[in-house]
Amino acid sequence: MALPSFRSAFHLDRAFNWFPGHMARGLREIQTQLQKTDVVVEVRDARIPLSSINPQLEQLANHKDHVVVYNKADLADPASRPSIIQNIRRFTGQQQVLFTSTHIDRDVRRIIEYAAARARTDPLRYPSVTVTVIGMPNVGKSSLINAMRRIGVGKGKAAPTGANPGVTRRVAGVIRVLEDPPVYLVDSPGVMVPYIADPIRSFKVALTGGMKEDVTDVEVLADYLLYQLNQKRNRTYCDMFHLTEPSDDIAQVLPAIARRIGALKKGGGHHLDWAARHFIKQFQLGKFGRYTLDDMTQDNVEMFFRTYQRPVRSRTRQRKEERAERIQARRAKQLAKGTHKQSYQR
Ligand SMILES: Nc1nc2c(ncn2[C@@H]2O[C@H](COP(=O)(O)OP(=O)(O)O)[C@@H](O)[C@H]2O)c(=O)[nH]1
Ligand SMILES: [Mg+2]
C-alpha cells in the first residue's frame, strides 16, 4: 500500500492570543513579591521547552537566584532533554535546569533541596528561604507547590489547581513546604506572553492547555494536532478512532472521532467541536505517547533565540501599553504631590 502523502508544513495566518487584565496585574504583583524572594522557581512545560518561555518573567527572575523547572516531563519526549539543557545554558546562561513530574517525588524533592541548600550552607543569611513560583498558565505551578508540601511536610493541597488555565489569579500567601530548614513557597498567577506573533507557537501553547478555550479555535487545534501526529508517523489515532488508514484531512478525521464517541446531532450530522475537544484531550492526557512539540534542532533553536528577546507587539498593543505607562507615570507624580485624589474625582 502506498503511504499517504502528508502536509510538509502547517499554514495558518491567525495566532491565538490571551492576555487578560489579571495577568498584567499578576506581573506587577510578581515584581513586588520577588523583592521578598530568595529563590525563583520558573516553571515551564517540557512539551514546549521554547514556546513556554516568557521573556518578561525571565527578565524579572534573571537577577535572582533562579532555577528553571521543565514540568510535565512525563508527557514530553525524554530524548529532547540533553538538547534542552544544552541550549538553555548556551542561549540564556541559565545553569540550573530541572525536569519534573508532579507525581514523581524524586523530581519534586530536588526543587525543595535546591531551596533548602541556601539555608543549610548560609544559615545566617538565610534563617528561612522564601521561594516564588512563576511561569506561564497551566504549566503546573500550583500542582508543584502542592506536591512539595505533600513531600516536605506531609500536608494536603494548599494551592488550587485545575485542568483549565487561569485558576490562580493572584499572588497567594506563603505556604510552608519544609520545617527544617524552614522553606516557604508563594504561588503566582500564570502570565502569558503578551503578544504571540507566530501562529504555530500559539497553537503549541494552546494545544498543551496554556490558553483559555474561548480565544482558540478547537478545530484548528485539532487539525494542528493531526498534522503533528502524521509528521511523526504516529498511527495511534487510527486504532483509537477506528480509521482504516491515516489521513491528513481533519474534515475526515473529526467525523470519525464523533462517531466513535457518540457526538452525533439529533437530526443527523456530527458535533465536530466535541470531537475536536476529545482529540485534544487525548493528546493532553498523553494517549498518543510523549511529545515535545518544539523543534529542538540547532537551526530552529538559534532562530528562536534570535527573536525571543524582543517580544513582537502589535502596533495597537504597543500604543495601548505606552498610554498605560504614561497614565501610571502621571498617577505616580500626582501621588507624590498629594494631588492624586482631587484629579481622580474630577
Ligand atoms: N501529566 C502531568 N500533569 C500535570 C503535571 N503538573 C500539573 N499537571 C496538570 O496540569 C494542570 C494544570 O496544573 P496547575 O497546577 O493548576 O497549573 P498552574 O496554572 O501552572 O498552577 C492540572 O490538570 C494538573 O493536574 C505533571 O507533572 N504531569
Ligand atoms: Mg495555579
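Residues numbered from 1 in each chain as written. Chains lettered and ligands numbered in written order. Predicted model: local features only at pLDDT ≥ 70, side-chain atom pairs only at ≥ 80, totals over all residues. Heavy atoms only, no water.

Named according to an unreviewed UniProt entry, the protein is Mitochondrial GTPase 1 originating from Dispira parvispora.

(A) Region of the structure containing the site of ligand 1. As a matter of local geometry, ligand 1 sits amid 15 residues, with D74, T102, N138, K141 and S143 nearest to it. The side chain of N71 places a nitrogen or oxygen atom 3.0 Å from a nitrogen atom of ligand 1. Interatomic distance of 2.6 Å between a side-chain N/O atom of S143 and an oxygen atom of ligand 1. Relative to its unbound accessible area of 590 Å², ligand 1 is 82% covered by the protein chains. Put simply, ligand 1 lies in the largest pocket. Sort the elements by how many residues they give to the shell around ligand 1 and helix α5 (residues 141-153) lands first, with 3 residues. The residue makeup of the shell around ligand 1, split by class, is 3 nonpolar, 9 polar and 3 charged. (Near = heavy atom within 4 Å. Polar contact = N/O pair within 3.5 Å; in protein donor to acceptor, adjacent residues only side chain to side chain. Areas by Shrake-Rupley, 256 points an atom, 1.4 Å probe, with all protein chains shown as cover. 1 Å grid on protein atoms, 1.4 Å probe; cavity = no way out; pocket = protein on both sides within 12 Å on 5 of 7 lines; lining within 4 Å. Sits in = over half its atoms within 2 Å of the grid points. Helix = DSSP H or I, 4+ residues; strand = E, 2+ residues; numbered from the N terminus. Nonpolar A, V, L, I, M, F, W, Y, C, P; charged D, E, K, R; others polar.)

(B) Quick peek at the packing of helix α7 (residues 218-231) against helix α9 (residues 250-261). Running from amino to carboxyl end, α7 crosses α9 at an angle of 105°, the nearest separation of the two axes being 10 Å. The orientation of α7 with respect to α9, classified from their angle, is roughly perpendicular. Residues E219, A222, D223 and L226 of α7 form the contact with α9, whose participating residues are I250, V253 and L254. Residue composition of the contact of α7 with α9, grouped by class: 5 nonpolar, no polar and 2 charged. (Axes fitted to C-alpha atoms, helices over the stretch in contact; angles between N-to-C directions. Parallel < 35°, antiparallel > 145°, perpendicular 65-115°, else oblique. Contact = heavy atoms within 4.5 Å.)

(C) Spotlight on the UniProt feature "binding site: GTP" (unreviewed entry) in the protein. In this numbering, the UniProt entry assigns the feature "binding site: GTP" (unreviewed entry) to N71, K72, A73, D74, N138, V139, G140, K141, S142, S143 and G190. Taken from the residues named earlier, the lining of the largest cavity is made up of N138 and V139. The topology assignment puts K72 in the loop between β2 (65-71) and α3 (81-92). Residue classification places K72 among the buried residues on the basis of a relative accessible area of 18%. Setting aside residues no more than four positions away along its own chain, K72 makes contact with D45, A46, R47, T100, N138, V139, G140 and T208. (UniProt positions renumbered as here; feature names shortened; annotations may be inferred. Buried < 20%, exposed > 50% of the residue type's maximum accessible area, 1.4 Å probe, protein only.)

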